[in-house]
Amino acid sequence: MGVKSTFVFLLELYKREIASAFEYRFNFIAQTVGMLLNDMFWLVFWYIFFGKFGSINGWQFKEIILLNAILAGSWGLTVSLFANWKDIAKFIENGSLDYYLTLPKNVLLHLLVKMQYSGFGDLLYGLGLAFFVVPKSKILIFAVLFLSAAMTILGFGILLGSLTFYFKYFEQIARTAREVFLTFAFYPFSIYSGFTRFFLLFIIPAGFVGGISVEILISFSLKWFLIQILASIFFLSFSVWFFYHGLKRYESGNVIAMRG
Amino acid sequence: MVLSVSKYFTLAFVDFREKFYYFGAQLFHAFFICVIIFIFFNIWKAIYAQKAVIEGFTFAQMLWYVAVAEVIVFCSDLRWIETVSDEIKTGVIGITLLKPMSYVLSRFALFLGNFFYKFIVVGVVAFFLALILAGPIDASILSIVLSFFSIILGVMLNFVIVVSLGFLAFWLEETSAIFWIYQKSIFILGGMLLPLDIYPDWIKGWIINLPFAYMVYKPAKLMIQFNFNDFLITLAWQFGWLILFTVVLYFVYTVGIKRVQINGG
Amino acid sequence: MRNYFILLCSLILFMVPVIIVNNLTKIFKVKSKAVGFFGKLKSIILPKYSGVIAVNNVSFEINEGEIVGFIGPNGAGKSTTLKMLTGILFPTSGKIDVLGFNPHEQRAKLAFKIGTIFGQRQQLLYHLPPIDSFNVFSKIYEIGKAEYKERLASLVKLFNLERYLYTPVRKLSLGERMRCEFVASVLHKPQVLFLDEPTIGLDIIAKKKVREFIKKLNEIEKTTIILTSHDLDDIEELCSRVIIINEGKILYDGSLDKIKKKLKYKILDVYFHEPLKVLPKIPNAKVIEQETFRIKLQVNRSKISVIELLDKYFKHCKIDDIIIEDPPIEEVIEQWY
């Protein structure tokens, strides 16, 4: 499929999603606001915490807000646009994937596109915080890091989902892995050092979804800026490749037995 | 007699055995709790680098507190608000009226059974992790047993509130919001994320008068720093709250079940 | 006078009413739907209710050992009536007496003496064998150990459950599972069994098993059985007495035979040896189906008998086979709706 037709196709999918959101606008608003409140709750927690302790290994309240801005925002972006990023395993296991295979469109893209309303709450929250905390001079860097984080999240989701092509009943493992991923990303990254840090960057890339970005925003380091961008691009590309590789295996029938 | 204990015990016990077939899921949950404990291990390690004792807690005690609090909250399934609300909606509650068995007592038996079922995996795993990361803390067998008793009282208190909220959720037709508010209240006001001692005095002053603290903070603290006086006071408060909310539940249930019987639910 | 006395005695001895219902009425309060913005606002502050009459002044008596079927369209009031009889729904007015108890006031006491099966609800635990669920039920109904043992043994023997008493329920076929569900409901030897759509969603074999169970139970233990069903085969096979309910009112209360006797139509299915070239016009009969070698007619018995019809219109045809049937019971009931 050419680039232009892919773009047109995407537009159509989103038009449908937006129409649906408008149809259920009460739901849309309720879920957006609900998620917004949920996110703001954690600010209260951190406020109390830093009120007492001042800083954790260099991270203060300001850093947590930046973290929230990137993490929640990029998470919201991914979830709002590609809500099925977490359901790939489910589609494979229950056979829904076949539907997408029979259509003459880009499988992965088609599969991923769905709007989850709560994502907009996260997105609003993240962008709202960014508006208050990110200095104008760093807006561009923030934008790049923001997108990079979103790519990492998406890549991780696709990778986990694709492992279902190789391992039976992977859905539960995938779900736990996602929760763990988010949990690790959520807390101040400064608390990790040595092997843990390495693990959280290159094995479970939780660090690339906020932790490193915050450090870059506070004191810019070209080295880490490039690592962040390259890592996220690599991660996303690899996971997409991995998906199609697994898909070939699926189509050749090796995975049929699982769906019995 | 509808109140005979053996029927509820059997009910809980058999449900326990039935749930055993979903044992695998518990391992995943245990893993997740471990991740949380590990993260807080790192947080507190950084904070304790400057001070050895914070608000009376040593590093080891703080980590054990986190482990115990997390386990308590996880094993006392707050999602039961949704379950109760659903059971009213789908008429399951009506069906239980057809048997000589109390709805509330049967649910209590199942809730408590569910707590133990989760506890034997998650609790044990969390215990060993805390042991590895922070080493043992000062606690005698007696103090552990007594603290555990307090934990169970907290679980019972949580139960009566949860069922009442389930009815409320049904009437208001709004389960998620109620669940969310209650869960966050337990996180912050119950002391799951941080022991209440950390909070500024003026906040701590009024939080300590709420029931949430007696579901998590007080029992968990007893487990970590047992003090017989504290134990008696905590027990008194727990019984007090338990009696109050049981009365509330009694009214909620009586009115609720009447409405189901008049309106068909 | 003496005859009257004997009649009274025999009535008391042989026909013991287990359920007495007098002028039972149930009105549900339903919130009236508001229209428009201000209407909706008003309805939150001052909601308007209207009454939906689900059961309208219904009276009947059911004697021990009867199998009574309640039939009627959806929303007719069958399930509502059943729920009131079992005590889970309060009547708006009227009197109910089940086994000497007032269901909604003495529900707990009544619970020990009745059994219920509500449609698709599964009472057995899924992963454990039926015996475990039976044990739980024995505790709930406070059946003494010795009594339970005996009772279980006799039920197991009666319904051939030996082979899978210890097999996890998830491994049982639907028919086997349904039998176990039923056994669970009668462990405590209820005097009355209430069944709300007991065969819904079951395949033919499972349905057959369920009907066999009900029949056997009624024969051996004289359990009074009240059932509602949309499956008229259930009714036909099990019920000697039928109560037709529509819009909360009883339209008919009596034997199924009487309904059938009132049939105006018979279905005549004729198979010919040679294809029918010309179909004669037959008054008082309607063609339902027509094929090259076959014709199916609905014959108005009040106007012409089947034999007369065959003699008059098909005398010269070579006939291979004739089938004469009652019309499907649905049609019969529809005449009452």
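Remember, it's a predicted structure, so these values are computed and weren't measured experimentally.

1. Some points on the confidence of the model for chain B
So, step 1. On average, residues of chain B carry a pLDDT of 91, and 98% of them reach 70 or more.
So, step 2. Within chain B, the element-level pLDDT minimum falls on helix 5 (residues 92-96) of chain B, averaging 84, and the maximum on helix 3 (residues 59-75) of chain B, averaging 95.

2. So, the pairing of strand 10 (residues 265-272) of chain C
Residues and elements named next belong to chain C.
So, step 1. In the sheet, strand 10 pairs with strand 12 (residues 294-300) via 7 bridges, with the strands oriented antiparallel. When the sheet's bridge partners are listed, Leu268 is paired in strand 12 with Leu297.
So, step 2. As judged from the 6 bridges shared by strand 10 and strand 13 (residues 319-325), these two strands associate in the antiparallel manner. Across the sheet, residue Tyr271 finds its bridge partner in strand 13, namely Asp321.

3. Details of the sheet that holds strand 6 (residues 192-196) of chain C
Residues and elements named next belong to chain C.
So, step 1. In space, the 6 strands of this open sheet follow the order 5-6-7-3-8-9, with mixed pairing throughout. Because the sheet does not close on itself, it has two edges, and the strands there are strand 5 (114-118) and strand 9 (249-255). Strand-to-strand twist in this sheet, taken as the mean axis angle between neighbours without regard to direction, amounts to 15°.
So, step 2. In terms of strand pairing, strand 8 (residues 241-246) meets strand 9 through 6 bridges, oriented antiparallel. Its bridge partner being in strand 9, Arg241 is matched across the sheet by Ser255.
So, step 3. Those strands touched by helix 7 (residues 174-186) are strand 5 and strand 6, and its axis lies near 150° from that of strand 5.

4. Topic: the pattern of salt bridges
So, step 1. Under the definition given, this model contains 28 salt bridges over all chains.
So, step 2. In this structure, Asp87(A) and Lys90(A) form a salt bridge, with 3.6 Å as the shortest nitrogen-oxygen distance.
So, step 3. Note that Arg197(A) is salt-bridged to Glu215(A), the shortest N-O span being 2.9 Å. One end of the pair, Arg197(A), is in helix 10 (residues 194-203); the other, Glu215(A), is in helix 11 (residues 211-218), and 18 residues separate them in sequence.
So, step 4. Residue classification places Glu215(A) among the partly exposed positions, given a relative accessible area of 26%.
So, step 5. Taken together, the salt bridges that share partners define one network made up of Lys207(C), Arg211(C), Lys215(C), Asp231(C), Asp234(C) and Glu237(C).

5. A short note on the interface of chain A and chain B
So, step 1. Contacts between the two partners involve 23 residues from chain A, matched on the other side by 25 residues from chain B.
So, step 2. Among the residues of chain A in contact with chain B, Phe41(A), Ile48(A) and Phe53(A) are the three that bury the most area, contributing 22% of the side total.
So, step 3. Linking chain A to chain B there are 1 salt bridge.
So, step 4. With a shortest N-O distance of 2.3 Å, Lys52(A) and Glu55(B) are connected by a salt bridge.
So, step 5. Remark: the boundary between chain A and chain B carries 3 residue pairs in polar contact (both at pLDDT 80 or more).
So, step 6. Put simply, the parts of the chain that give the side of chain A that touches chain B at least two residues each are helix 2 (25-53) and helix 9 (171-186) of chain A.
So, step 7. Element by element, the count of residues in the side of chain A that touches chain B is highest for helix 2 of chain A, at 10 residues.
So, step 8. Its residues assigned to classes, the side of chain A that touches chain B shows 15 nonpolar, 6 polar and 2 charged.

6. As for the packing of aromatic side chains
Residues and elements named next belong to chain A.
So, step 1. According to the stated counting rule, one finds 78 aromatic pairs over all chains in the structure shown.
So, step 2. Centroid distance Phe28 to Tyr117: 5.2 Å. Interplanar angle 75°. Geometry classified as edge-to-face. Linking Phe28 in helix 2 with Tyr117 in helix 7 (residues 117-133), this pair joins segments that are 89 residues apart in sequence.
So, step 3. Centroid distance Phe198 to Phe202: 5.3 Å. Interplanar angle 45°. Geometry classified as tilted. Highlighted residues: Phe198 and Phe202, both in helix 10, separated by 4 residues, approximately one helical turn.
So, step 4. Phe198 sits in the partly exposed class, given a relative accessible area of 44%.
So, step 5. Lying across the ring of Phe131, Lys136 places its NZ or CZ 5.8 Å from the centre.
So, step 6. We note Arg178 situated over the ring of Trp85; from NZ or CZ to the ring centre the distance is 5.9 Å.

7. A short note on the packing of helix 4 (residues 80-90) of chain B against helix 6 (residues 103-134) of chain B
Residues and elements named next belong to chain B.
So, step 1. With their axes 13 Å apart at the nearest point, helix 4 and helix 6 run at an angle of 150° to one another. One way to sum up the angle between helix 4 and helix 6 is to call them roughly antiparallel. In the packing of helix 4 onto helix 6, the handedness of the crossing is right-handed. Counting all contacts with helix 4, which are made through Trp80, Val84 and Glu87, the residues of helix 6 involved are Tyr103, Arg107, Leu110, Phe111 and Asn114.
So, step 2. Taken together, the residues that form the contact of helix 4 with helix 6 break down as 5 nonpolar, 1 polar and 2 charged.

8. Details of the nonpolar core
So, step 1. If you look at the biggest cluster of nonpolar residues, it comprises 243 residues, and the most contacted ones within it are Phe49(A), Trp44(B), Tyr182(B) and Phe134(C).
So, step 2. Examining the composition of this core, we find that 15 residues originate from one element, helix 7 (residues 141-172) of chain B, more than from any other.
So, step 3. Once residues within four sequence positions are removed from consideration, Phe134(C) is found in contact with Leu124(C), Tyr148(C), Leu152(C), Leu161(C), Leu165(C), Cys180(C), Val183(C), Ala184(C) and Leu187(C).

9. So, a nonpolar patch on the surface
Residues and elements named next belong to chain B.
So, step 1. Residues Phe149, Phe239, Ile243, Val247, Tyr250 and Phe251 make up a contiguous nonpolar surface patch of roughly 650 Å² in combined accessible area.
So, step 2. Broken down by element, the nonpolar patch gets its largest block of residues, 5 residues, from helix 11 (residues 228-263).
So, step 3. If you trace the backbone, Phe239 turns up in helix 11.
So, step 4. By relative accessible area, which is 39% here, Phe239 ends up partly exposed.

10. Brief notes about the pairing of strand 5 of chain C
Residues and elements named next belong to chain C.
So, step 1. Buried residues dominate strand 5, accounting for 5 of its 5 residues.
So, step 2. Both faces of strand 5 are covered, namely the face carrying Ile114, Thr116 and Phe118 and the face carrying Gly115 and Ile117.
So, step 3. The pairing of strand 5 with strand 6 spans 5 bridges and is classified as parallel. Note on strand 6: the bridge partner recorded for Ile117 is Leu195.

11. A closer look at helix 1 (residues 5-19) of chain B
So, step 1. Its 15 residues give helix 1 of chain B an end-to-end C-alpha distance of 21 Å, which sits within 8% of 21 Å, the value for a rise of 1.5 Å per residue.
So, step 2. Taken together, the buried positions of helix 1 of chain B are Lys7(B), Tyr8(B), Thr10(B), Leu11(B), Ala12(B), Val14(B), Asp15(B), Glu18(B) and Lys19(B).

12. What about unusual backbone geometry?
So, step 1. Within the chain, Asn57(A) stands out as a residue other than glycine whose phi angle is a positive 50°.
So, step 2. We note that Glu247(C) has phi near 50°; this positive angle belongs to a residue other than glycine.
So, step 3. Turning to its location among the elements, Glu247(C) is positioned in the loop between strand 8 and strand 9.
So, step 4. Since its relative accessible area comes to 61%, Glu247(C) is described here as exposed.

13. Considerations on the interface of chain B and chain C
Where interface size is quoted, it is often the accessible area lost as the parts come together.
So, step 1. Contact residues are listed per partner, giving 27 residues for chain B and 27 residues for chain C.
So, step 2. In total, about 2,600 Å² of surface goes out of reach between chain B and chain C, with carbon and sulfur atoms giving 62% of it.
So, step 3. Viewed at the interface, chain C and chain B are joined by 2 salt bridges.
So, step 4. Its salt-bridge partner being Asp132(C), residue Arg17(B) comes within 3.0 Å of it at the nearest N-O pair.
So, step 5. Counting across the chain B and chain C interface gives 11 residue pairs in polar contact (both at pLDDT 80 or more).

14. Focus on the packing of helix 1 of chain B against helix 6 of chain B
Residues and elements named next belong to chain B.
So, step 1. Their axes nearest at 8 Å, the elements helix 1 and helix 6 cross at an angle of 40°. It follows from the interaxial angle that helix 1 and helix 6 lie oblique. Handedness of the helix 1/helix 6 crossing: right-handed. Residues Tyr8, Leu11, Ala12, Asp15, Phe16 and Lys19 of helix 1 form the contact with helix 6, whose participating residues are Leu105, Ser106, Ala109, Leu110, Gly113, Asn114, Phe116, Tyr117 and Ile120.
So, step 2. Its residues assigned to classes, the contact of helix 1 with helix 6 shows 10 nonpolar, 3 polar and 2 charged.

15. Comments concerning the side chain of Asp77(B)
All names here are of chain B.
So, step 1. Along the polypeptide, Asp77 turns up in the loop between helix 3 and helix 4.
So, step 2. Engagement of the side chain of Asp77 in a polar contact is seen with the side chain of Lys118, the distance being 3.1 Å.
So, step 3. Every residue in contact with Asp77, bar those within four places of it in the chain, is listed here: Phe111, Asn114 and Lys118.

Calculation criteria
Per chain, residues are indexed from 1 in the order of the written sequence. Each chain gets a letter, beginning with A, and each ligand a number, beginning with 1, in the order they are written. Local features in this predicted model are restricted to residues whose pLDDT is 70 or higher, and side-chain atom pairs enter the listing and the counts only when it is 80 or higher, whereas totals over whole chains, interfaces and linings include all residues. Computation of side-chain values covers all heavy atoms of the structure but excludes hydrogens and water. The pLDDT score gives, residue by residue, the confidence of the prediction method on a 0 to 100 scale. Runs of H or I in DSSP of at least four residues are treated as helices and runs of E of at least two as strands, each being numbered from the N terminus. One requirement defines pairing of two strands: DSSP has to find at least two bridges between them. Inter-axis angles, ranging from 0 to 180 degrees, are taken between N-to-C directions of lines fitted to C-alpha atoms, where helices are fitted over the stretch in contact. Should any heavy atoms of two residues lie within 4.5 Å, those residues are counted as being in contact. Salt bridge criterion: a side-chain nitrogen from Lys or Arg within 4 Å of a carboxyl oxygen from Asp or Glu. Each residue gets one of three labels from its accessible area relative to the maximum for its type: buried under 20%, exposed over 50%, partly exposed in between, using a 1.4 Å probe on protein chains only. Computed with a 1.4 Å rolling probe, the buried area is the accessible surface lost when two parts are put together, summed over both parts. In protein, a polar contact requires one atom able to donate a hydrogen and another able to accept it; more generally it is a pair of N or O atoms within 3.5 Å, and residues adjacent in sequence count only if both atoms are side-chain atoms. Only Asp, Glu, Lys and Arg are considered charged, only Ala, Val, Leu, Ile, Met, Phe, Trp, Tyr, Cys and Pro nonpolar, and every remaining residue, Gly among them, polar. Stacked, tilted and edge-to-face are the three classes assigned to paired rings of Phe, Tyr and Trp, where Trp is represented by its six-membered ring and a pair needs centres within 6.5 Å; plane angles under 30 degrees give stacked, over 60 edge-to-face, the rest tilted. In this scheme, the term charge over a ring applies when either NZ of a lysine or CZ of an arginine sits within 6 Å of the ring centre and within 35 degrees of the ring normal. Our angle categories are set so that under 35 degrees counts as roughly parallel, over 145 as roughly antiparallel, 65 to 115 as roughly perpendicular, and the remainder as oblique. Left-handed describes a crossing whose near helix is turned anticlockwise from the far helix by less than a right angle; the clockwise case is right-handed. Think of a nonpolar core as a cluster: buried Ala, Val, Leu, Ile, Met, Phe, Trp, Tyr and Cys residues, connected wherever their side-chain atoms sit within 4.5 Å. A patch consists of residues exposed above 30% relative accessible area that lack any salt bridge, with like charges linked at up to 9 Å and nonpolar side chains (Val, Leu, Ile, Met, Phe, Trp, Tyr) linked at up to 5 Å. Using a 1.4 Å probe, the Shrake-Rupley method yields the accessible areas, and only the shown protein chains count as cover for residues. By definition here, a helix of n residues has an expected span of 1.5 Å times n minus one.

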